[in-house]
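# Working through the structure, step by step
Each chain, letter by letter, is given below.
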Amino acid sequence: MSYCRQEGKDKIIFVTKEDHETPSSAELVADDPDDPYEEQGLILPNGDINWNCPCLGGMASGPCGEQFKSAFSCFHYSTEEIKGSDCVDQFRAMQECMQKYPDLYPQEDENEEEKSSKDLEATPVEDSVAKEEKGSS
């Protein structure tokens, strides 16, 4: 017997062998060849930014979407020798916005990052100091 049930955000569908043997009656919608956003990637053929690209992970539409668009556009169109060096203010504004929404834009735990880098740096030094102490005694 086929049935569906909802578990939280997931919808679970159980089907029988007979359900799978019946040909699908679903109608496929033909792709629009004139759709300027269809499979174009991040940069459209005319050089514009495709804000609908899944590669942006929804950043352009979140609560800091306008700040993201401003910073990303500035970087994309930057003509500075060090690309994007003229975009510091836009990236700062984006960062400040993101800090207001820590649940949506989690930051790496600086303590974890510092701890792991200190552990990596300390290990070889401690080993060499221990070897020197054994050699000098």
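Here the structure is a predicted model, which is why all the values come from computation and not from measurement. (Residues numbered from 1 in each chain as written. Predicted model: local features only at pLDDT ≥ 70, side-chain atom pairs only at ≥ 80, totals over all residues. Heavy atoms only, no water.)

## Considering the overall build of the protein chain
For the protein chain, the helix and strand inventory stands at 4 helices and 2 strands. Seen in sequence order, the protein chain has helices and strands lined up from the N terminus as β-β-α-α-α-α. The burial tally for the protein chain puts 15% of its 137 residues in the buried class. For the protein chain, the accessible surface area stands at approximately 11,500 Å², while carbon and sulfur atoms represent 52% of it. (Helix = DSSP H or I, 4+ residues; strand = E, 2+ residues; numbered from the N terminus. Buried < 20%, exposed > 50% of the residue type's maximum accessible area, 1.4 Å probe, protein only. Areas by Shrake-Rupley, 256 points an atom, 1.4 Å probe, with all protein chains shown as cover.)

## Some words on the packing of aromatic side chains
For the structure shown, the criterion picks out 3 aromatic pairs. Between Trp51 and Phe72, the ring centres sit 5.9 Å apart and the planes meet at 70°, which makes this aromatic pair edge-to-face. Of this pair, Trp51 sits in the loop between helix H1 (17-21) and helix H2 (65-77) while Phe72 sits in helix H2; the two residues are 21 residues apart in sequence, bridging distant segments of the chain. For Trp51, a relative accessible area of 25% corresponds to the partly exposed category. Within the aromatic cluster, the residues linked to one another by ring pairs are Trp51, Phe68 and Phe72. Directly above the ring of Phe75 sits Lys83, whose terminal nitrogen or CZ lies 5.5 Å from the centroid. (Phe/Tyr/Trp six-rings, centres within 6.5 Å; stacked < 30°, edge-to-face > 60°. Lys NZ or Arg CZ within 6 Å of the ring centre and 35° of its normal.)

## Examining the environment of Gly41
Relative to the elements of secondary structure, Gly41 occurs in the loop between H1 and H2. Given the relative accessible area of 30%, Gly41 is considered partly exposed. Between the C-alpha atoms of Gly41 and Leu56, which are 15 residues apart in sequence, the distance is 9.9 Å. Once residues lying within four places of it in the same chain are set aside, the contact partners of Gly41 are Asn50 and Cys53. (Contact = heavy atoms within 4.5 Å.)

## Focus on H2
Taking 1.5 Å as the rise per residue, H2 with 13 residues should run 18 Å; its terminal C-alpha atoms sit 18 Å apart, in good agreement. Buried residues belonging to H2 abut helix H3 (88-99). (Expected span 1.5 Å × (residues − 1).)

## Concerning the confidence of the model for the protein chain
Confidence in the prediction for the protein chain averages 77 pLDDT; 66% of positions are at 70 or higher. No element of the protein chain has a lower mean pLDDT than helix H4 (residues 110-136), at 51, and none a higher one than H3, at 95. When the criterion is pLDDT under 50, residues 125-133 qualifies, and its contacts beyond four places in sequence or with other chains add up to 0 contacts. (pLDDT = per-residue confidence, 0-100.)

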